[in-house]
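Here is how the chains run, residue by residue.
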Amino acid sequence: MTGSNERVAPTSGNRVYRVGVAVAVVTSFLTVRTTIIRDDGAGIGFFLLIMAAMVGAFSAWFQPAGMARTMVGVAIMQVLLGVAIATAPSTALVADGPSRALLFSGVFAVLWLISAACFGLSAKADRVPVAAA
């Protein structure tokens, strides 16, 4: 709680928080879209990433600091899934399969990290006290 002479600005990190949500939603949508288009049999892993993001968001009560940690965790899961797919024997049979899997996962991991950065900035902005008017 803040003292009687200061208050926390309620909308200071709100815009950045919305950008973080937008990046996470767009990343989820692109993951679903590319997984459906690609249909290489590894789609369940990518859908589980989206499920992890949703469960983490609910677990964090949609608070910015918890959302930032959730998105970092999902980015790590994205990279690990990409490495697992790139090293799978079935991926080695596809021309440029391993490199494409790593590139795909890397791009999406960066998007999850951008979302995490936005949530982290929002959490910092929410903690900055503002002088009462």
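Just so it is clear, the structure is predicted and the values come from calculations on it, not from any experiment.

Participant: Explain the overall build of the chain to me, using residue names and the numbers behind them.
Facilitator: Regarding its fold elements, the chain presents 5 helices and 2 strands. Helices (α) and strands (β) of the chain occur, in sequence order from the N terminus, as β-α-α-α-α-α-β. Counting across all 133 residues of the chain, residues that qualify as buried make up 35%. For the chain, the accessible surface area stands at approximately 8,100 Å², while carbon and sulfur atoms represent 71% of it.

Participant: I'd like to hear about the packing of helix α3 (residues 64–86) against helix α5 (residues 97–127), residue by residue, with values.
Facilitator: Contact geometry for α3 and α5: axes closest at 7 Å, N-to-C directions at 170°. When the interaxial angle is binned, α3 and α5 end up roughly antiparallel. Its residues assigned to classes, the contact of α3 with α5 comprises 24 nonpolar, 6 polar and 1 charged.

Participant: Report on the layout of surface pockets, specifying residues and quantitative values.
Facilitator: Quantified by volume, the largest pocket comes out at close to 350 Å³. Around the largest pocket, the lining comprises 16 residues; the ones closest to its centre are Arg38, Asp40, Ile85, Thr91 and Ala101. Residue assignment for the lining of the largest pocket shows that the elements contributing at least two residues are α3, α4 (89–92) and α5. Among the elements that make up the lining of the largest pocket, the one with the highest residue count is α5 (5 residues). Class assignment for the residues of the lining of the largest pocket results in 7 nonpolar, 6 polar and 3 charged.

Participant: Residue-level account of the nonpolar core, with values.
Facilitator: Counting 21 residues, the largest nonpolar core has Phe46, Met67, Met71, Ile85, Trp112 and Phe119 as its most contacted members. Among the elements of the structure, α1 (14–38), α2 (43–59), α3 and α5 are those that each provide at least two residues to this core. For this core, the leading source of residues is α3, giving 8 residues. Those residues in contact with Phe46 that lie beyond four places of it in its chain are Thr31, Thr35, Arg38, Gln78, Leu81, Ile85, Phe104 and Ser105.

Participant: Tell me about unusual backbone geometry, and name the residues and values.
Facilitator: Even without a glycine there, the phi angle at Trp61 is positive, about 55°. Mapped onto the fold, Trp61 is located in the loop between α2 and α3. Residue classification places Trp61 among the exposed residues on the basis of a relative accessible area of 71%. Even without being a glycine, Asp96 presents a positive backbone phi close to 60°. Counting through the fold element by element, Asp96 comes out in the loop between α4 and α5. Here Asp96 falls in the exposed class, since its relative accessible area comes to 55%.

The rules behind each value
- Residues numbered from 1 in each chain as written.
- Predicted model: local features only at pLDDT ≥ 70, side-chain atom pairs only at ≥ 80, totals over all residues.
- Heavy atoms only, no water.
- Helix = DSSP H or I, 4+ residues; strand = E, 2+ residues; numbered from the N terminus.
- Buried < 20%, exposed > 50% of the residue type's maximum accessible area, 1.4 Å probe, protein only.
- Areas by Shrake-Rupley, 256 points an atom, 1.4 Å probe, with all protein chains shown as cover.
- Axes fitted to C-alpha atoms, helices over the stretch in contact; angles between N-to-C directions.
- Parallel < 35°, antiparallel > 145°, perpendicular 65-115°, else oblique.
- Nonpolar A, V, L, I, M, F, W, Y, C, P; charged D, E, K, R; others polar.
- 1 Å grid on protein atoms, 1.4 Å probe; cavity = no way out; pocket = protein on both sides within 12 Å on 5 of 7 lines; lining within 4 Å.
- Points joined across faces, edges and corners; volume = space filled by probe spheres on them.
- Core = buried A, V, L, I, M, F, W, Y, C linked by side-chain atoms within 4.5 Å.
- Contact = heavy atoms within 4.5 Å.

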